[in-house]
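Here is what each chain is made of, one letter per residue.
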Amino acid sequence: AEPGAVRAALPAAPPLSGEPFERIMADFERIIVPGLTHWGHPGFLAYFPANTSPPSILAEMLTATIGAQCMSWNTSPAATELEQVTMEWLRQMVGLPEVFTGVIQDTASTATLVAMITARDATTQRRNDATVDRLTGYTTLEANHSVPKGMRLAGIRPGHIRMVETGPENAMLPEALRIQLRADRAAGLVPAAVVATVGTTGSTAIDPVPAIAAICREEAVWLHVDAAWAGSAAIVPELRWIFDGVDAADSVVFNPHKWLLVNFDCSAYFVKDRAALLGSFGASAEILRTAHDDRVVNYRDWGIQLGRRFRALKLWFVIRSYGVEGLRAMIREHVRLGKVLADWIEREPGFELVAPADLGLVVFRYGGERTGNRQRAAGELDGFNQRLQERVNATGKIFITGTRLGGRYVLRVALGHLTTTEDDVRSAWNMIKEAATSE
Ligand code: PLP
């Protein structure tokens, strides 16, 4: 699609009278569908998937049909109690201890913002100190952009958001965190929150949560873990290690809408100190008061929104349809496909794998120094990889992304769609190889 093409095909003013549905549907097929990016296509390898599945789609259709707005227990008791049950199931599935309570947030970005606001309030209240001007936040340059954004929106001044140094594996260096925290305290600042990432967007790097959690405990700083993509993999016993140390965090988020076959949106947010969360987000209004309030959960008090969608239904349909073993098998297959592609890349002269492909994401580039093949200057290599990405995407058959890792431009193939098979991965790889030799 060319920018503006879809808009140009649509009337600038709304119709005064209703139109027959056949015409609306025909225009949907003629104008809208060709302008869609097909996230469910097996060749969609660009961003982390926004997955879906037949039971999730059916649940979403029912959700729209029911039309419930689930802000409080009494505005749909089944929605609230199903959310309690499914979040408890998810907690068990990823092996978090019972001290965590879950709530569905729309996205990981919102969950992280919720965590930052709670951390801010917990810190200022603990110190009996209302000023946020001196609060500081800590993450790394590899964190998703929603992390510093959440800190900023929570009131931490941009100049007080620290990008802690990372090591060669693109993960936070705990010692660098400790030094920075102490330097800030010595300068009269007040550390409020650390965000560690389990599965970074650029390379699925895993910050060393056990060491980071120990520092946060010593320094009494809120630790939030952003596991938006990779967290779902903790349901697989042999991958549970990715959550090592997360039991010592204050909050954690992962996205069933990314890797658990639940369609967008559905983020699982778990928090230890429920009272702190309710302290920040609880709000009373006469119109909302009910006789059951001391016996029920009112999820409007667990996040930013008052009105809430019935998201637990799709989670319930999906977990019951596939079972935990079915979901584990799906994740194992995506991890396997990632390793298969990584192996092909490592064997191919001229290509270089630039990060371990443990969690479905394969990060690589062409003409790495290691290969000695078609030696190019570093800047020239970046440009070459960017053009390679553009050529591949211009085929319209597959869609990949690029990013910067350690200052170098690298390509990303994100596996994790229900429909992507080994044949799809092979043909994507063939296309990438072909595009590399056509310049
Ligand atoms: N955190 C990480 C590590 C991500 O990779 C992403 C998106 O890919 C996000 C957060 C943002 O997720 P959401 O779209 O649910 O806000």
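What you see is a predicted model; the values in this text were computed from it and never measured.

Draft legend 1. Geometry of the sheet that holds strand S9 (residues 361-366). An order of S8-S9-S11-S10 is seen for the four strands of this open sheet, with the pairing classed as antiparallel. In this open sheet, the two edge strands, each paired with only one partner strand, are strand S8 (351-353) and strand S10 (401-405). The mean angle between the axes of side-by-side strands here comes to 40°, regardless of whether they run parallel or antiparallel. Across three bridges, S8 lies against S9 in antiparallel orientation.

Draft legend 2. Region of the structure containing the packing of helix H7 (residues 174-186) against helix H8 (residues 209-219). Packing of H7 against H8 leaves a shortest axis separation of 9 Å and a crossing angle of 20°. Between H7 and H8, the angle is such that the two are roughly parallel. Between H7 and H8 lies a crossing whose hand is right-handed. Touching Pro174, Leu177, Arg178, Leu181, Arg182 and Arg185 of H7 are Ala211, Ile212, Ile215, Glu218 and Glu219, all from H8. In terms of residue class, the contact of H7 with H8 is made up of six nonpolar, no polar and five charged.

Draft legend 3. Focus on the confidence of the model for the protein. Confidence in the prediction for the protein averages 94 pLDDT; 97% of positions are at 70 or higher. Across residues 370-374, where pLDDT falls below 50, the model places 12 contacts with residues more than four positions away in sequence or in other chains.

Draft legend 4. Just the pairing of strand S7 (residues 267-271), in detail. Most of S7 is tucked away: five of the five residues are buried. Side-chain alternation along S7 places Ser267, Tyr269 and Val271 on one buried face and Ala268 and Phe270 on a second face that is also buried. Examined bridge by bridge, strand S1 (residues 101-105) and S7 share five bridges and lie antiparallel to one another. Opposite Gln105, over in S7, you have Ser267 as the bridge partner. When strand S6 (residues 251-254) meets S7, the two strands line up antiparallel, connected through four bridges. Looking at the pairing, Val253 lines up with Tyr269 of S7.

Calculation rules
- Sequence order sets the numbering: in each chain, residues are counted from 1 along the sequence as written.
- Per-residue local features are limited, in this predicted model, to residues with pLDDT of at least 70; the limit for side-chain atom pairs, both in listing and counting, is 80 or more; totals at the level of whole chains, interfaces and linings are taken over all residues.
- Side-chain descriptors were evaluated using all non-hydrogen atoms of the structure, hydrogens and water having been removed beforehand.
- Strands are treated as partners if at least two bridges between them are detected by DSSP.
- Secondary structure elements are taken from DSSP: a helix is a run of H or I of four residues or more, a strand is a run of E of two residues or more, and numbering for both begins at the N terminus.
- Axis geometry follows a simple rule: fit a line to the C-alpha atoms, using only the stretch in contact for helices, then measure angles between N-to-C directions, giving values from 0 to 180 degrees.
- Every angle not falling under 35 degrees, over 145, or within 65 to 115 is termed oblique; those three ranges are roughly parallel, roughly antiparallel and roughly perpendicular.
- For any pair of crossing helices, the crossing counts as left-handed if the nearer helix is rotated counterclockwise from the farther one by less than a right angle, and right-handed if it is rotated clockwise.
- Contact definition: two residues touch when any of their heavy atoms are within 4.5 Å.
- In this classification, Asp, Glu, Lys and Arg are treated as charged, Ala, Val, Leu, Ile, Met, Phe, Trp, Tyr, Cys and Pro as nonpolar, and every other residue, Gly included, as polar.
- For every residue, the predictor states its confidence as a pLDDT score lying anywhere from 0 to 100.
- Exposed residues in this analysis have more than 50% of their type's maximum accessible area, buried residues have under 20%, and partly exposed residues fall in between, with area computed by a 1.4 Å probe over protein chains only.

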